[in-house]
Amino acid sequence: MIIDFNDNWMFSFEGDEKTTPIKLPHDAMLHSLRSPDSKGASGVAYFNGGVYIYKKTFKAPEDWRDKHLTFHFQGVYRNAEVSINGQKAGENKYGFSFFDIKGDDLIKAGQDNEIVVRADNKYLPNSRWYSGGGIYRPVEVYVQDKSHLLYNKARVRTLSIDPAEIEISIPHEGGEVTYAILDQEGKKVFEGKGDKGKIKIQDAKLWSDLTPYLYTLRVSLKNASKTVDEEEIRFGIRQLTYSTQGFFVNGKKTLLRGGCIHSDNGILGACSYKEAEFRKARILKETGFNLIRSAHNPMSDSFLQACDELGIMVMDELTDMWYQHKNKYDYATDFLANYKEDITKMVDKDYNHPSVVMYSIGNEITEPATSKGVEMAKELVKCFHEADDSRPTTAGINLMLIKMADGKKSVYKNADKEEKGVADQGTAKINSTFFNMIVSIIGGRMDKMANSKKVDKITSPVLDCLDIAGYNYASGRYPLEAKAHPNRMIIGSETFPHFLYQNWEKVKALPYVFGDCMWTAFDYLGEVGIGTWAYDKEDRSFTKPYPGLLAEAGIIDIIGNTEGAEVGLTKTVWGLSDKPLIYIRPLNQLKKPTKAMWRGTDGIASWSWQGCQGRKGIVEVYSSAPYVELYVNDKKIKRVKTKKDCALFKHVKYVPGTIKAVALDSAMKPLNENSLISSNGSLNINIHPEQEKSEKGKLAFFDINLEGENGIVESNADTTLEVKVEGGEMLAFGSSKAKSEHIYYEGIFPSHYGHALLVVRPTEDKIKITIKGETLAEKTFEF
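Residues numbered from 1 in each chain as written. Predicted model: local features only at pLDDT ≥ 70, side-chain atom pairs only at ≥ 80, totals over all residues. Heavy atoms only, no water.

1. Some points on the pairing of strand β7 (residues 87-92)
Thought 1: Bridging between strand β6 (residues 80-84) and β7 involves five bridges; their strand directions are antiparallel. Residue E81 lies in a different strand from β7, and its bridge partner there is E91.
Thought 2: Two successive antiparallel strands, β6 and β7, enclose a turn made up of two residues, where N85 displays a positive phi of approximately 50°. (Pairing = 2+ DSSP bridges. Helix = DSSP H or I, 4+ residues; strand = E, 2+ residues; numbered from the N terminus.)

2. Looking at the sheet that holds strand β17 (residues 196-200)
Thought 1: What the three strands build is an open sheet, ordered β12-β13-β17; its pairing is antiparallel. Strand pairing shows two members of the sheet lacking a second neighbour, β12 (155-161) and β17, which therefore form its edges. Taken over all neighbouring pairs, the strand axes of this sheet differ in orientation by 20° on average, direction set aside. (Axes fitted to C-alpha atoms, helices over the stretch in contact; angles between N-to-C directions.)

3. Comments concerning unusual backbone geometry
Thought 1: Each neighbour pair has its own omega, and for L24 with P25 the value is 0°, a cis peptide bond.
Thought 2: Following the sequence through the fold, P25 ends up in the loop between β3 (20-22) and β4 (50-59).
Thought 3: A positive phi is found at A41, a non-glycine position, where the angle reads about 50°.
Thought 4: Structurally, A41 can be placed in the loop between β3 and β4.

4. Quick word on empty space enclosed by the protein
Thought 1: Within this structure, the stated rule accounts for six cavities of 30 Å³ or more.
Thought 2: Taken as a whole, the largest cavity encloses approximately 160 Å³ of empty space.
Thought 3: Taken together, 17 residues line the largest cavity, and the ones lying closest to its centre are N265, G266, R279, F522 and I558.
Thought 4: Ranked by residues supplied to the lining of the largest cavity, first place goes to helix α1 (residues 274-287) with three residues.
Thought 5: In terms of residue class, the lining of the largest cavity is built from 10 nonpolar, three polar and four charged.
Thought 6: As a volume, the second largest cavity reaches approximately 130 Å³.
Thought 7: Forming the boundary of the second largest cavity are 15 residues, of which Y77, F96, N126, M321 and Y331 lie nearest the centre. (1 Å grid on protein atoms, 1.4 Å probe; cavity = no way out; pocket = protein on both sides within 12 Å on 5 of 7 lines; lining within 4 Å. Points joined across faces, edges and corners; volume = space filled by probe spheres on them. Nonpolar A, V, L, I, M, F, W, Y, C, P; charged D, E, K, R; others polar.)

5. A short note on the sheet that holds strand β25 (residues 313-317)
Thought 1: If you trace the eight strands from one edge of the open sheet to the other, you get β27-β26-β25-β24-β23-β30-β29-β28, paired in parallel fashion. Only two strands of the sheet have a single neighbouring strand rather than two, namely β27 (393-396) and β28 (469-472). Within this sheet the neighbouring strands show an average axis-to-axis angle of 25°, counted without direction.
Thought 2: Where β28 lies against strand β29 (residues 490-495), three bridges are found, and the strand directions are parallel. Bridge pairing in β29 links G470 to I491.
Thought 3: Helix α2 (residues 301-310) contacts β23 (256-261), β24 (291-294), β25 and β26 (356-363) of the sheet and is inclined by roughly 155° relative to β25.
Thought 4: Where helix α9 (residues 500-509) meets the sheet, it contacts β23, β29 and β30 (513-518), and its direction lies at approximately 160° from that of β30. (Contact = heavy atoms within 4.5 Å.)

6. A few points about the pattern of salt bridges
Thought 1: For the coordinates displayed, the defined rule picks out 42 salt bridges.
Thought 2: R293 is the partner of E317 in a salt bridge, and the nearest nitrogen-oxygen pair spans 2.9 Å. Pair noted here: E317 is in strand β25 and R293 is in strand β24, with a separation of 24 residues, a long-range link. Residue E317 shares its accessibility class with R293, and that shared class is buried.
Thought 3: Note that D388 is salt-bridged to R391, the shortest N-O span being 2.7 Å.
Thought 4: Take R391: its relative accessible area is 4%, and that puts it in the buried class.
Thought 5: When salt bridges with common partners are traced through the structure, they connect D456, D464, R477, E481 and R488 into a single cluster. (Salt bridge = Lys/Arg side-chain N within 4 Å of Asp/Glu carboxyl O. Buried < 20%, exposed > 50% of the residue type's maximum accessible area, 1.4 Å probe, protein only.)

7. Quick notes on the packing of helix α3 (residues 332-350) against helix α4 (residues 371-387)
Thought 1: Taken N-terminus to C-terminus, the directions of α3 and α4 make an angle of 30°; their axes are 9 Å apart at the nearest point. Compared by their axis directions, α3 and α4 come out roughly parallel. α4 is crossed by α3, and the crossing has right-handed handedness. Of the residues in α4, those touching α3 at F335, L336, Y339, K340, I343, M346 and V347 are M376, E379, L380, C383, F384 and A387.
Thought 2: In the contact of α3 with α4, the residues fall into 11 nonpolar, no polar and two charged. (Parallel < 35°, antiparallel > 145°, perpendicular 65-115°, else oblique. Left-handed = near helix turned anticlockwise from the far one by under 90°.)

8. Remarks on the state of the cysteines
Thought 1: Taken as a whole, this structure holds zero disulfides when the rule is applied.
Thought 2: Between C307, a cysteine without a disulfide, and C517, which holds the nearest cysteine sulfur, the sulfur-to-sulfur distance is 13 Å.
Thought 3: A relative accessible area of 0% places C307 in the buried class.
Thought 4: C465 forms no disulfide, and the closest cysteine sulfur to it belongs to C383, at a distance of 12 Å. (Disulfide = S-S within 2.5 Å.)

This is the structure:
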C-alpha cells in the first residue's frame, strides 16, 4: 500500500524559532530572502541558502505493527538527513535523486511518531542555476507485509514489436506473484503467474511520440492464497534502434525536435507538483517538441509520466559535474562516492517509462580532457549499460570547453578559489559561467570553433565511448564527421535557438545527425539574463545585477506563454505551421539593445502598443513560403523575400488596427495569410482558467491579462497587480518580468506585456479571485 505523506508538515529555517505549517512539495529556497550579496549571486537569482528543517508528527496505526515500512522521498535538495523518533534513519547527498528510508525498527505502531528531515543548502554557490531547496518533490510511505513486492524494481522490456513481445521481471520478498496486463481502456489482455516471463501481446498498440499508447502491468503478491501486496506499472511497447542511417522508433525514422529544460516550475520554484509537470509537458508538446533533454539532472517521475501520456521522448541526464568542481560547493565533492548508486536510482525510476529514450552521463564535463576523465566516461557508460542495455548513452559534450581544459586542472577556476566577500559567480575573473561569457563575446563563431583537427583529436576519446555523441554548440562539425568518423552518430545536445534553421537543414540532410536540442525550450529561474536583450545600461554586462530573476533564454516564457518570435521560428522550421507567423520587436523600447547569444529575437506576437502610434519598428514574419507581403490596415507596406524561413520588415510604422502577412509562392500567388489586431476601448483586467473545472487539492492555473474591450491583450500598459484568493491557497502569482523585488508567493507582481499567471490549490468547491492594479479597477471572479 502506498500512502501520500505530504500533509501536515512543519517547516523552519535552522536557528529560527518560527515554524510554518506546510504541505509538500515545498521549495524552501524560494522563501529565503533575496539580496544583492547572495553568495549564489546571479546564478541562483540572488536567493540565499540555508538549512531547512521539516518535522511531521503522526500517529502510526496499530496495523503498522510488524509491517515493512519505507519512506520514499522523490527529491530533497540537498544533503538530506532523516531521523525518526530521535534516531538517525538515513541520508542522501544528491539533491536530484530519490531515496528510501527504512522505518521498520523505528516506527512505534499505535503511538505518535516524529520524522525530521534536515536539508543543508547553506553553502553557495553549489549550482550554476536556481536549484531550489528542501523537500521539493513528493513523499510517500510504503506500508507492506514482510512478504512484499520491491516497489520501483519491477521491469517491463520490449523484446519485439512484430509480433509484440515483452519480458517482465518482478522482484519480491517471499510470496507468489500473479499478474495481469491491461490495455489503455482497462481491458485485460493477458494474465499469468510467476515473477519472470516472456509474453506476446496480440494486436498490440505501440508507443511513440505520435501514438503514446500505454498498458498497465497489475501485479499481486499472494501469501497462503491471501493478497498481501499490489503494484501497478504503466509501460509502453516500443522499440528503439539507431545507426548512421538514423534514429528509429518502432522501425520509423524519427527526427528529434528537441529542447533543454531545467527542472523548476517557473513561479512555483522548484516544487514538483504533478499538475505543474503535466502543464509544462503539455505546453512543450503543443509547441512542437518531441524530445526533452533534462538539464542537468534526472527528471521527476511526474514529468516522465506526463511525457509517457502525451508522447514526448526524454534524454534523462545524470549530472552537471563529475569530480571536478564547477562551483566551490557543488556535488563534485560527493560524486565519486555516490555515482553508482545515483545511476541505479535513475535507471530504476526511468526503466518503465517509454518516454525515456536515452541517458546522458553528464553536461559540459571538462574531465575528458585527460585520460582519467575518459576512463570515468567509460565507467559511467558501463554502469548505465549494466543497469539498462535497452537504451543508448550520450552526453552534452562541449568540444571547445574540453579543448580549453586540455592540460589545465579545471577551466571552472572558482572551484579552487574563494574570494573574500565576493560571490564566486559575481565576477568575470573567477566565474563558473566561464564558457557562457566567452560565447557572449565570440557570438555565432562558437559553432565553428570546434572544427579543427586539434579539437577533434582531444575530444574523440570521450565522444567515441558514447553510443550517441552529444555535441554542445559544435554544429559546424556535423558535415565533417561523415569522413572523419564514418561510424559516429550525433545529436545536437545543446544549440542556439536562432541557429535552428541551419541546424535543422543538417539534421534533415545528414542521417547520422539524429536531432537538435535548443537552449532552452522553457525559461527558468537563475543564470540571470543570459538571454536578455538589454535596453538599460545596468543590464548590458554579462552578469546581470540584482534584482534579476530570470534567464530569459526560453522560447517559452516562465509562465508558459508561447507568443515569443522564436516559437514562430521553431514551428515554421519544423513544418508545424502553414500560416505566416507575425512578431513585432517591442515598440516601447527606444534604445538599441545589447543582444544575447541565447536569444535571437525579443519579438512578440502583438500589434497592441498603446502610446506608440507613429513609432517605427521591426516586424518579423516566419514562413516557409518564398515571399511575404505585409499590410497595415489593408495598406501594402512591402514584399520581402524570405531568408532562412524569415521575412524581416524594418521601419514599419505602428498604426493601431490590423497588421496582416500574406505568404506568396514563387509566382507571387497567395498561399495563406495571418493577422494581428490591436486592443481597443478601455483597458480591463481579465482572467482565463486553463482547466474546465477546478478540483479540491489539485492545482488550478489562471491566465491573467490586461485586455481591451475587444478581448485583445495590450502589451504596453503594464502595471503592478495585487491578487487575493478565497476558497483556495494561492501558491504563486507572477509574470515573465525578469527583474522584480517582489517574489511569487506574495500575491503582488507586475504584469509583463499584459500577462500574468496565478496558481491556486482549491480548498473549497468555489474559488473567488479578486485582482486590482495600480491604474485599473478592482475586479472579482468566481470559479
